[in-house]
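Survey of secondary and tertiary structure
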Amino acid sequence: TVQDAARLGYHSAAKPCGYDPEMRALIQLVQSAQVVVDQHSSCQRCVGQIEAGLLAFIGLGKGDTPAQADKLLDKLLAYRVFSDDAGKMSLSLTQTGGGLLLVSQFTLMAATHKGLRPDFAPAMPPAEAKTLFDYLVTQAQARYAPVQTGVFAADMQVSLVNDGPVTFMLEV
């Protein structure tokens with residue numbers, strides 16, 4: 001029932017109960033991108049790096065599911081943001097063979113519609129989010145190459161050369 005769905009945190013399309021997080025990917029078309037961890041120590045290391053392709057910051061919300069992760073991956077691989085010979089955005093990542101760099105970022109799930117401080121309550125708890133992010137990465141690596149990642153919950157420094165710039169927020 002609608003009451004059961006609201007009690008469990010699910011809302012109707014009209015979202016009468018307020019903020020309703022969805023799995024998100026902030027994607028950027030890049031000429032190159034890399035993730036470094038431990039930048040401020042003597043053992044800094046690059047953990048993920050791609051040349052031309054997509055950098056995708058992934059935000060996971062409470063209640064997100066593997067089915068949503070599958071749908072997001074479908075969209076990441078097929079979203080037509082790369083230019084063809086005529087300069088139109090009509091090619092997908094799979095058509096261009098570019099790299100895919102997946103970086104977990106819980107701050108994408110912040111509720112920012114009220115006040116002057118982000119509310120991270122909509123974000124999936126870390127243990128659950130790690131499991132779902134790992135699932136997304138495993139599925140991506142099984143379906144596409146090259147796929148690189150950051151380190152879940154690490155203090156990461158992400159550097160990129162944005163191409164365009166072309167940036168989109170995908171929600172599923």
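Going by the structure above, here's the rest.
Note that the coordinates shown come from a computational prediction; the quantities given were computed from them, not determined experimentally. (Residues numbered from 1 in each chain as written. Predicted model: local features only at pLDDT ≥ 70, side-chain atom pairs only at ≥ 80, totals over all residues. Heavy atoms only, no water.)

1. Regarding the overall build of the protein chain
Keep this limit in mind: Going along the chain from the N terminus, every DSSP run of H or I of four or more residues is numbered as a helix, and every run of E of two or more is numbered as a strand. Burial status follows relative accessibility: with a 1.4 Å probe on protein chains alone, a residue under 20% of its type maximum counts as buried, one over 50% as exposed, and anything between as partly exposed. Any two residues having at least one pair of non-hydrogen atoms within 4.5 Å are treated as being in contact.
Helix and strand counts for the protein chain come out as 4 helices and 8 strands. Taken from N to C terminus, the helices and strands of the protein chain fall in the order α-β-β-β-α-β-β-α-β-α-β-β. The buried share of the protein chain, reckoned over its 172 residues, is 37%. Residue pairs in contact within the protein chain that sit at least 24 positions apart in sequence constitute 74% of those at least 6 positions apart.

2. With respect to the pairing of strand β6 (residues 99–104)
Inclusion rule: Any two strands are treated as partners once DSSP identifies two or more bridges connecting them.
The buried count for β6 comes to 6 of 6 residues, which makes it a mostly enclosed element. Covered by surrounding structure in β6 are Gly99, Leu101 and Val103 together with Leu100, Leu102 and Ser104, the residues of both alternating faces. As paired elements, strand β3 (residues 53–59) and β6 share 6 bridges and run parallel to each other. Paired with Leu54 across the strands is Leu100, a residue of β6. Where β6 meets strand β7 (residues 147–149), 3 bridges bridge the pair, whose relative direction is parallel.

3. Some words on the packing of aromatic side chains
The criterion, for reference: Between the rings of Phe, Tyr and Trp (Trp by its six-membered ring), a pair exists once the centres lie within 6.5 Å; its type follows the angle of the planes, with under 30 degrees stacked, over 60 edge-to-face, and the other angles tilted.
Applying the stated rule across the entire model yields 3 aromatic pairs. Seen from their ring centres, Tyr79 and Phe168 are 5.8 Å apart, and the 75 degrees between their planes marks the pair as edge-to-face. Taken as a pair, Tyr79 in the loop between α2 (66–78) and β4 (82–83) and Phe168 in strand β8 (residues 156–171) lie far apart in primary sequence, 89 residues in all. The exposure class assigned to Phe168 is partly exposed, which follows from its relative accessible area of 29%.

4. So, the nonpolar core
Inside soluble globular proteins, nonpolar side chains tend to come together where they are buried. The condition that has to hold: We define the nonpolar core as a collection of buried residues of types Ala, Val, Leu, Ile, Met, Phe, Trp, Tyr and Cys that are connected through side-chain atoms lying within 4.5 Å of one another.
One finds Leu54, Ile58, Leu60, Leu72, Leu76, Leu100 and Leu102 to be the most contacted residues of the largest nonpolar core, which totals 30 residues. If you list the elements that add at least two residues to this core, you get β1 (24–37), β3, α2, β6, α4 (126–143) and β8. It is α4 that contributes the most residues to this core, 6 residues altogether. Those residues in contact with Leu72 that lie beyond four places of it in its chain are Met23, Arg24, Ala25, Ile58, Leu170 and Val172.

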